[in-house]
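Summary of structural features
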Amino acid sequence: MTAVTIQCCAPIAREPLSETDAADLAVMLKAVADPVRLRLLSMIGSHAGGEACVCDLTDAFDLTAPTISHHLKVLRTAGLIDGERRGTWVYYRIIPEAVNKLGALFAPLTAPAPGGPAELELTPV
């Protein structure tokens, strides 16, 4: 019998989250955990010109305007979007730093973490 050494999966983070970072990210994750808010975020982020009028967003849902406003407020409070009133409409845009911070949480490392991946030695039984 021979032992086989394999490298285990690489970590997705360079270091554990701080208490503050974990709290901040939890607020963002809760905000996007709702399907309507996740769709709103993607619609705003993919809209031509990088911003979307609330008038462009409401027609995509079978929800009332106050409900859409509530969902946009949750995204705004979480720091994922910002808005600017122009006349009677509000235009929303993604806050890239916040969305990138969320994305980085799940992006695999391109370079090995300090110490590198763990090695496991498997011995057949």
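Rules and cut-offs
Residues numbered from 1 in each chain as written. Predicted model: local features only at pLDDT ≥ 70, side-chain atom pairs only at ≥ 80, totals over all residues. Heavy atoms only, no water. Helix = DSSP H or I, 4+ residues; strand = E, 2+ residues; numbered from the N terminus. Buried < 20%, exposed > 50% of the residue type's maximum accessible area, 1.4 Å probe, protein only. Contact = heavy atoms within 4.5 Å. Areas by Shrake-Rupley, 256 points an atom, 1.4 Å probe, with all protein chains shown as cover. Expected span 1.5 Å × (residues − 1). Arc of directions from axis to C-beta. Polar contact = N/O pair within 3.5 Å; in protein donor to acceptor, adjacent residues only side chain to side chain. Salt bridge = Lys/Arg side-chain N within 4 Å of Asp/Glu carboxyl O. Pairing = 2+ DSSP bridges.

1. Some details on the overall build of the protein chain
Along the protein chain, the regular secondary structure elements total five helices and five strands. Secondary structure of the protein chain in N-to-C order comes out as β-α-α-β-α-α-β-β-α-β. A burial count over the protein chain gives 23% of its 125 residues as buried. In the protein chain, 66% of the contacts between residues at least 6 apart in sequence involve partners at least 24 apart. In the form shown here, the protein chain has an accessible surface area of approximately 8,300 Å², with 60% of it arising from carbon and sulfur atoms.

2. A few points about helix α2 (residues 35–46)
Compared with an ideal rise of 1.5 Å per residue, which puts twelve residues at 16 Å, α2 spans 16 Å between its outermost C-alpha atoms and is within 8% of the ideal. Within α2, burial applies to V36, R37, L40, L41, M43 and I44. With its buried residues spanning 165° around the axis, α2 presents them on a single face. In α2, the exposed positions that point more than 90 degrees away from the buried face belong to P35 and S46. Next to the buried residues of α2 lie α1 (19–32), β2 (51–53), α3 (54–58), α4 (65–77), β3 (81–86) and β4 (89–94). Two or three places before V36, at the opening of α2, D34 has a side-chain oxygen 2.8 Å from that residue's backbone nitrogen.

3. Let's talk about the pattern of salt bridges
Under the definition given, this model contains eight salt bridges. Between D24 and K101 there is a salt bridge, and its shortest N-O distance comes to 4.0 Å. With D24 in helix α1 and K101 in helix α5 (residues 96–106), this residue pair connects regions lying 77 residues apart in the sequence. On the accessibility criterion, K101 (31% relative accessible area) is partly exposed. Between R93 and D82 there is a salt bridge, and its shortest N-O distance comes to 3.9 Å. In this pair, R93 is assigned in strand β4 and D82 in strand β3, connecting sequence segments eleven residues apart. Its relative accessible area of 30% is what places D82 among the partly exposed residues. Shared partners join several salt bridges into a network, and the residues in it are E51, R76, D82, E84, R86 and R93.

4. Points about the pairing of β4
By the alternation rule, side chains of β4 split into V90, Y92 and I94, which are all buried, and W89, Y91 and R93, of which none is buried. Bridge count for β3 against β4 is six bridges, and the pairing is antiparallel. Each bridged residue has a counterpart across the sheet, and for G83 the counterpart in β4 is Y92. Where β3 folds back on β4, the antiparallel hairpin that results is connected by two residues, among which G87 adopts a positive phi of roughly 70°.

5. Thoughts on the side chain of H71
Along the chain, H71 turns up in helix α4. Owing to a relative accessible area of 8%, H71 belongs among the buried residues under this scheme. The residues contacting H71, other than those within four sequence positions of it, are D34, V36, R37 and L40.

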